[in-house]
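# Commentary on secondary and tertiary structure
So the chains spell out like this:
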Amino acid sequence: MHAWGFEAIGTAWQIDTREPVAPDVRAAVLGCIEEFDQAWSRFRPDSLVADIARGPGRWNMPDGTDWMFELFTELNDATDGAVNPLIGRTLS
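Fair warning: this is a prediction, and the values are worked out from it, not measured in the lab.

## Considering a negative patch on the surface
- A contiguous patch of negative charge, built from Asp66, Glu70, Glu74, Asp77 and Asp80, is present on the exposed surface.
- Mapped onto the secondary structure, glutamate 70 falls in helix H3 (residues 65-78).
- Assessed through its relative accessible area of 51%, glutamate 70 is described here as exposed.

In structure tokens form, the structure reads like this:
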């Protein structure tokens, strides 16, 4: 077994594989994580979410936003509001 550990999105991650993860695959994974974090992190002052939280405006949403909002709507409905992407400020 091979373990690849890294920090991302505010926590520790480990991916265990039978074969080592190739450097180009690692770079691609880390690039996707960085794009996600840049848009959706409530902990980064330079993120899209931080911009939205500062006040009203218009924003260009990243690719994949539609399916993510649809999923959150389904989770919100299925849990009577217990799973909600707008909980961040309350958690803080």
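## Structural notes on the layout of surface pockets
- In this model, the largest pocket occupies a volume close to 880 Å³.
- Taken together, 26 residues make up the lining of the largest pocket; nearest its centre are Trp40, Arg42, Val49, Pro85 and Leu86.
- Here the element with the most residues in the lining of the largest pocket is H3; it accounts for six residues.
- Around the second largest pocket sit Cys32, Glu35, Phe36, Ala39, Trp40, Pro62, Asp63, Gly64, Thr65, Trp67 and Met68, which together line it.
- Those elements that provide at least two residues to the lining of the second largest pocket are helix H1 (23-40) and H3.

## Here's the deal with the pattern of salt bridges
- With the rule as written, the count across this model stands at four salt bridges.
- When the shortest N-O distance is used, the salt bridge between glutamate 34 and arginine 44 registers 3.0 Å. Of this pair, glutamate 34 sits in helix H1 while arginine 44 sits in the loop between H1 and helix H2 (48-54), and the two are ten residues apart along the sequence.
- With a relative accessible area of 17%, arginine 44 lands in the buried category.
- A single network of salt bridges, built from pairs that share partners, joins Glu34, Asp37, Arg44 and Asp46.

Reading guide: rules and limits
- Numbering of residues begins from 1 in every chain and follows the order in which that chain's sequence is written.
- A pLDDT threshold of at least 70 governs which residues receive local features in this predicted model, and a stricter bar of 80 or more applies before side-chain atom pairs are shown or counted, although totals over entire chains, interfaces and linings include all residues.
- Values reported for side chains reflect all heavy atoms of the structure, with hydrogen atoms and water molecules removed beforehand.
- Grouping into patches uses exposed residues only, defined as over 30% relative accessible area, and leaves out salt-bridged ones; the cut-off is 9 Å for like charges and 5 Å for nonpolar side chains (Val, Leu, Ile, Met, Phe, Trp, Tyr).
- Accessible surface area values rest on a Shrake-Rupley calculation with a 1.4 Å probe, where residue burial reflects the displayed protein chains alone.
- Salt-bridge detection follows one rule: a side-chain nitrogen of Lys or Arg within 4 Å of a carboxyl oxygen of Asp or Glu.
- Asp and Glu count as negative and Lys and Arg as positive, but His and the ends of the chain are not part of the count.
- Every charge is mapped to an atom, namely NZ of Lys, CZ of Arg, CG of Asp or CD of Glu.
- Numbering of helices and strands runs from the N terminus, with a helix taken as a DSSP run of H or I at least four residues long and a strand as a DSSP run of E at least two residues long.
- Between buried and exposed lies partly exposed: a residue is buried under 20% and exposed over 50% of the maximum accessible area for its type, with that area taken using a 1.4 Å probe on protein chains only.
- Think of a 1 Å grid over just the protein atoms. A cavity is a set of points where a 1.4 Å probe fits yet cannot get out, a pocket is an open set with protein on both sides within 12 Å along at least five of seven lines, and lining residues have an atom within 4 Å of a point.
- Grid points are joined across faces, edges and corners, and a volume is the space filled by probe spheres set on the points.

Spatial relationships are all this shows, so hold off on functional conclusions.
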